Every structure is written in C-alpha cells, then in structure tokens.
Amino acid sequence: MMRCDVLTLFPSMVESVLGTSMLSLAQEKGLLDVTVVDIRSFTHDRHRTADDRPYGGGAGMLLKPEPILEAVDSICATCPDVRIVMTSPRGRQFDQAYARNMCEDSRRLVFICGHYEGIDERVRMVMAAEGREVDEVSIGDYVLTGGELAALVMIDASVRLISGVLGDTDSVKEESFSSTLLEYAQYTRPVEFRSARVPDVLLSGHHGAIREWRHRSSLANTYARRPDLLEKKVLAHDDQLILADIQKKESSENLDSSRRLSS
Ligand code: 6GU
C-alpha cells in the first residue's frame, strides 16, 4: 500500500487523473491511498491568497510559505512519519530507481506542487530544519506550468510497481530500464498488415528461439535509440558478439542505401 498526499492549487486537475484507469483501480483495490489537499483551504484571508510577488522584483508570482507549511503540519499532526517531495524543475531527476524507492517507502509521501515562478525558499528550509526528509524532484529538462503533472507522473510510475496493480507480474520484470535495455519489438494480430509480416520466429512456438530473437531485438533497439544506455552497461561476451553483428548489418545497410542513392 502506497500512501500519499498531493498539495496543490488545482485539486481537480489531480483528481481527474487519479479517477481514471489503473490509478483509480489501484485505489479501489486498496493498494494506493491518495488525499488531494487544496493549498487554498489553509489560507485565512478573504481572497484566499496563496501567492504573492517576489521580493527584489522580477516576473511572476511565488507560492506563499504559510498555507503550504500549515497544510504539511496538518498532515503531520496525524502522521508524523512523512517523506516530502517538492516538485521543481531544478530538482534531481526522477527515474525508475527513484520510482522503485518511492514504492518501497513505508512513509506517507507528501507531494508539494509548485506553481507560478516557484515556492518561497523558506518552505524547504523550515521543513529541513524540522528534521523532515525533503527531496526536490524534476521529471526532466523542460518547464511545466505547474508540478501537478510531474507529481502524477511520479505516482503513476511508482504505483505500477506495487504487486497486484498490474495483472501480470512479469510485465514489470521484463520492461525497459529495469534491465537497462529497451524493450524488444512486439506484434499482435494480424500476421500480415499492409504487406508487413510478423517475424516468423514469433509464430514458430520455439520458446528458446523466441527468447533469443527478443534479446537481440532489445539490444538493437537500445543501440539505435539509446546508445547512452549501452555505454553505461557492462555487456556479457555473447552480447558483445550480437552487438557487433547488429553494427555490421547496420553499416552494410547504410552502404546499400548510399549505393542505391548514387546509382
Ligand atoms: Cl517537477 N515542475 C515544473 N514546474 N516543471 C517541471 C518539472 C517539475 N519537472 C520538469 N519540468
């Protein structure tokens, strides 16, 4: 069971995704418990002000510290053992290992969704001074309008690692990044579609040959799309041979196509 709170200025944005598909199912099965907290409900003025202009000038608005810290305090009053995740484009980058780590954490995960130009620095400072674990996490090198989509990406990637969320437990083990190779090519019916056929080996029922073909396909996909992943990996001798063969075929294909172009 994963427990989280999402602190946001836009609860309906978070709720609509949580109410759909696997995330909704995970909650129905009791494997995920999410509380969406409206930061504005911790403001006390008539206008429910959650943001203000930055000292020193500059464009945009900042989230004020008081409502966010009050919201965190109200969660901690009933559940002191929390791990706080502040979404921020300047945070450390989220990846599969972080998703795994979140999914295995027994603490309540409290996501704080940044908005506008960011959050008053004292939110992080005060929480750290109180001894809370605070991570600042980004989902990639681009800027979103707010942290809601980032928090949802992180929750989605973690929840699917909880056993029982996906139907088939093998689908977690074999997929991209757990083994640092990308997935092999896959096909479903029909056998022939617009004159492109499913590779014969996949129809052969020969499980050993299928396993080999898929492994080669994984290596070829990784080499073509994410060579950086192969550079980080120590390849077994057999894999080095397969890769050399993939590279040889690729260079002869390039030669063929340049001959076709020049003729
Ligand atoms: Cl976590 N927040 C925002 N606003 N933009 C982002 C991000 C987070 N991660 C990537 N871009």
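Right, let's walk through the structure included here. All values reported here derive from a predicted model rather than from experimental measurement. (Residues numbered from 1 in each chain as written. Predicted model: local features only at pLDDT ≥ 70, side-chain atom pairs only at ≥ 80, totals over all residues. Heavy atoms only, no water.)

### Quick word on the overall build of the chain
Part 1 of the argument: Looking only at helices and strands, the chain features ten helices and nine strands.
Part 2 of the argument: Against the globule reference of 18 Å for 263 residues, the chain gives a C-alpha radius of gyration of 24 Å, more extended than a compact globule.
Part 3 of the argument: Judged by the C-alpha coordinates and their principal axes, the chain covers about 75 × 45 × 40 Å.
Part 4 of the argument: Within the chain, the fraction of its 263 residues that count as buried is 38%.
Part 5 of the argument: For the chain, long-range pairs separated by at least 24 residues make up 74% of all intrachain contacts whose partners lie at least 6 apart in sequence. (Helix = DSSP H or I, 4+ residues; strand = E, 2+ residues; numbered from the N terminus. Rg over C-alpha atoms; globule rule 2.2 N^0.38 Å. Buried < 20%, exposed > 50% of the residue type's maximum accessible area, 1.4 Å probe, protein only. Contact = heavy atoms within 4.5 Å.)

### Here's the deal with the packing of aromatic side chains
Part 1 of the argument: A full pass over the atoms with the stated rule returns one aromatic pair.
Part 2 of the argument: Their ring planes at 65 degrees and their centres at 5.7 Å tell us that F94 and Y98 sit as a pair that is edge-to-face. Of the two residues, F94 and Y98, both sit in the buried class. (Phe/Tyr/Trp six-rings, centres within 6.5 Å; stacked < 30°, edge-to-face > 60°.)

### Notes on the sheet that holds strand β5 (residues 82-93)
Part 1 of the argument: Across the sheet, which stays open at both edges, the five strands sit in the order β2-β1-β6-β5-β7 with parallel pairing between neighbours. Only two strands of the sheet have a single neighbouring strand rather than two, namely β2 (32-38) and β7 (133-138). Taking each pair of neighbouring strands and ignoring which way they run, the sheet shows an average axis angle of 25 degrees.
Part 2 of the argument: Alignment of β5 against strand β6 (residues 108-112), held across five bridges, turns out to be parallel. Looking at β6, one finds that V85 is bridged to F111. (Pairing = 2+ DSSP bridges. Axes fitted to C-alpha atoms, helices over the stretch in contact; angles between N-to-C directions.)

### Focus: the site of the ligand
Part 1 of the argument: Lining the immediate surroundings of the ligand are T87, S88, P89, V137, S138, I139, G140, Y142, V143, L144, G146 and A150.
Part 2 of the argument: Residue S138 places a side-chain N or O atom 3.3 Å away from a nitrogen atom belonging to the ligand.
Part 3 of the argument: I139 places a main-chain nitrogen or oxygen 2.9 Å from a nitrogen atom of the ligand.
Part 4 of the argument: Computed on the free molecule, the ligand has an accessible area of 290 Å², of which 96% lies beneath the protein chains in the complex.
Part 5 of the argument: Elements supplying a minimum of two residues to the shell around the ligand: β5 and β7.
Part 6 of the argument: Among the elements that line the shell around the ligand, the one with the most residues is β5, at three residues.
Part 7 of the argument: A per-class count over the shell around the ligand returns seven nonpolar, five polar and no charged. (Near = heavy atom within 4 Å. Polar contact = N/O pair within 3.5 Å; in protein donor to acceptor, adjacent residues only side chain to side chain. Areas by Shrake-Rupley, 256 points an atom, 1.4 Å probe, with all protein chains shown as cover. Nonpolar A, V, L, I, M, F, W, Y, C, P; charged D, E, K, R; others polar.)

### Observations regarding unusual backbone geometry
Part 1 of the argument: Following R189, the chain continues to P190 via a peptide bond in cis, the omega torsion being 5 degrees.
Part 2 of the argument: If you trace the backbone, P190 turns up in the loop between α7 (170-173) and β8 (192-193).
Part 3 of the argument: The phi angle at S21 is positive, at roughly 55 degrees, despite the residue not being glycine.
Part 4 of the argument: With respect to the helices and strands, the residue S21 is situated in helix α2 (residues 21-28).
Part 5 of the argument: A residue is classified by how much of its surface remains accessible, and S21, at 54% relative accessible area, is exposed.
Part 6 of the argument: Phi is positive for R194, close to 45 degrees, though the residue is something other than glycine.
Part 7 of the argument: Among the structural elements, R194 can be located in the loop between β8 and β9 (196-197).
Part 8 of the argument: Judged by relative accessible area, which is 74%, R194 ranks as exposed.

### Looking at the side chain of R108
Part 1 of the argument: As for its placement among the helices and strands, R108 is situated in strand β6.
Part 2 of the argument: Taking relative accessible area as the criterion, R108 reaches 14% and is therefore assigned buried.
Part 3 of the argument: R108 has contacts with R3, C4, D5, D33, T35, I75, C79, D81, V82 and R83, leaving out every residue within four places of it along the chain.

### A closer look at the packing of helix α4 (residues 96-103) against helix α6 (residues 148-159)
Part 1 of the argument: The geometry of α4 relative to α6 is characterised by a closest axis approach of 8 Å and an angle of 70 degrees between their N-to-C directions. Looking at the two axes, α4 sits roughly perpendicular to α6. Residues A99, M102 and C103 of α4 touch α6, and the partners they reach there are M154, A157 and S158.
Part 2 of the argument: Within the contact of α4 with α6, the residues separate by chemical class into five nonpolar, one polar and no charged. (Parallel < 35°, antiparallel > 145°, perpendicular 65-115°, else oblique.)

### A word on helix α8 (residues 207-225)
Part 1 of the argument: The first and last C-alpha atoms of α8 sit 26 Å apart over 19 residues, in line with the 27 Å expected at 1.5 Å per residue.
Part 2 of the argument: Among the residues making up α8, those that are buried are I210, S217, S218, L219, N221 and T222.
Part 3 of the argument: In the core, the buried residues of α8 are packed alongside α9 (227-232) and α10 (237-262). (Expected span 1.5 Å × (residues − 1).)

### Section: α10
Part 1 of the argument: The end-to-end C-alpha distance of α10, which contains 26 residues, comes to 38 Å, matching closely the 38 Å that a straight helix rising 1.5 Å per residue would cover.
Part 2 of the argument: When we look at burial in α10, the residues that qualify are D239, L243 and I246.
Part 3 of the argument: Contacts from the buried residues of α10 go to α8 and α9.

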